[in-house]
Amino acid sequence: NAGVTQTPKFQVLKTGQSMTLQCAQDMNHEYMSWYRQDPGMGLRLIHYSVGAGITDQGEVPNGYNVSRSTTEDFPLRLLSAAPSQTSVYFCASKRAWGRGGSDTQYFGPGTRLTVL
Amino acid sequence: GQSLEQPSEVTAVEGAIVQINCTYQTSGFYGLSWYQQHDGGAPTFLSYNALDGLEETGRFSSFLSRSDSYGYLLLQELQMKDSASYFCAVILDSGGGADGLTFGKGTHLIIQP
């Protein structure tokens, strides 16, 4: 199993550009989520999904869209990039939802995004 | 709202024992997790406590006291490879089964030879 994969690893955008960060998992996990991590900060939840066709907002959803058309894929779209979205983005998945932390969350390697 | 407090930095000596504390204030609570993150890497799961008490996994142990809204991670027989950031994270009883993690800001553990 490849686990959780993310592309690209690095990205530089200009203000106002849009792009999609890709995330895929091959573990047949129900639950997938996106976090952002800023320097000296913990991770903050952007959006999450408890299954194909179901998504919901996390703590910091503004400026981001998600969709979940398949179990494997959970792309994150930046609609109009802003310098405040410069961050490291992590995708994560776990086997099932509704069981608290009893299922391990697996994180992808991250995408380092800079918005100029 | 919710908040988690943990020390920003802890220094310890190779072979020693170190404890990283975490206190939390949340409107709901389901459990407390600990994650390790090396510089430039992804967070990796270390432990999870839903009930009061101590959970042991090899050199790492984690403790939770729900009545005190407090937990800690204990690392024994420290090795240089344990130099990393350690995050506590709460899972809120959101009622919607979101299971999203709310992270503290992390503790940077420095191991000295």
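This report concerns the structure included in the present document.

**Topic: the side chain of Q6(A)**
All names here are of chain A.
Consideration 1: Its location among the elements puts Q6 in strand 1 (residues 4-7).
Consideration 2: What makes Q6 buried here is its relative accessible area of 4%.
Consideration 3: At 3.0 Å, the side chain of Q6 and the backbone nitrogen of C91 are in polar contact.
Consideration 4: With residues near it in sequence (within four places) discarded, Q6 still touches Q22, W34, Y89, F90, C91, G108, P109, G110 and T111.

**Remarks on unusual backbone geometry**
Consideration 1: Cis geometry marks the peptide bond from T7(A) to P8(A), where omega comes out at -10 degrees.
Consideration 2: Mapped onto the elements, P8(A) comes out in the loop between strand 1 and strand 2 (10-13).
Consideration 3: Here S69(B), not a glycine, exhibits a phi torsion of approximately 50 degrees, which is positive.
Consideration 4: Of note, S69(B) is situated in the loop between strand 7 (60-65) and strand 8 (70-75).
Consideration 5: Of the residues examined, S69(B) reaches a relative accessible area of 25% and is grouped as partly exposed.

**Structural notes on the state of the cysteines**
Consideration 1: Taken as a whole, this structure holds 2 disulfides over all chains when the rule is applied.
Consideration 2: Here C23(A) connects covalently by a disulfide to C91(A), the sulfurs 1.8 Å from one another. Between C23(A) and C91(A), the S-S torsion sits near -70 degrees, and that sign places the bridge as left-handed. A residue pair is termed long-range when its members are at least 10 positions apart, and C23(A) in strand 3 (residues 19-25) and C91(A) in strand 9 (residues 87-94) qualify at 68 residues.
Consideration 3: Judged by its relative accessible area of 0%, C91(A) is buried.
Consideration 4: Here C22(B) connects covalently by a disulfide to C88(B), the sulfurs 2.1 Å from one another. On the sign convention where negative is left-handed, the bridge of C22(B) and C88(B), at about 75 degrees about the S-S bond, is right-handed.

**Re the packing of aromatic side chains**
Consideration 1: Across all of its chains, the model carries 13 aromatic pairs over all chains by this definition.
Consideration 2: Taking 5.7 Å as the distance between ring centres and 45 degrees as the angle between the ring planes, the aromatic pair formed by Y35(A) and F107(A) counts as tilted. With a gap of 72 residues between them, Y35(A) in strand 4 (residues 31-37) and F107(A) in strand 10 (residues 106-107) connect regions that are remote in the sequence. The pair formed by Y35(A) and F107(A) is uniform in burial state, with each residue classed as buried.
Consideration 3: Among the aromatic side chains, those forming a connected cluster through ring pairs are Y35(A), F90(A), F107(A), Y35(B), F45(B), F87(B) and F103(B).
Consideration 4: The ring of Y31(A) has K94(A) lying over it, and the distance from NZ or CZ to the ring centre is 5.7 Å.

Cut-off values and rules
Residues numbered from 1 in each chain as written. Chains lettered and ligands numbered in written order. Predicted model: local features only at pLDDT ≥ 70, side-chain atom pairs only at ≥ 80, totals over all residues. Heavy atoms only, no water. Helix = DSSP H or I, 4+ residues; strand = E, 2+ residues; numbered from the N terminus. Buried < 20%, exposed > 50% of the residue type's maximum accessible area, 1.4 Å probe, protein only. Polar contact = N/O pair within 3.5 Å; in protein donor to acceptor, adjacent residues only side chain to side chain. Contact = heavy atoms within 4.5 Å. Disulfide = S-S within 2.5 Å. Phe/Tyr/Trp six-rings, centres within 6.5 Å; stacked < 30°, edge-to-face > 60°. Lys NZ or Arg CZ within 6 Å of the ring centre and 35° of its normal.

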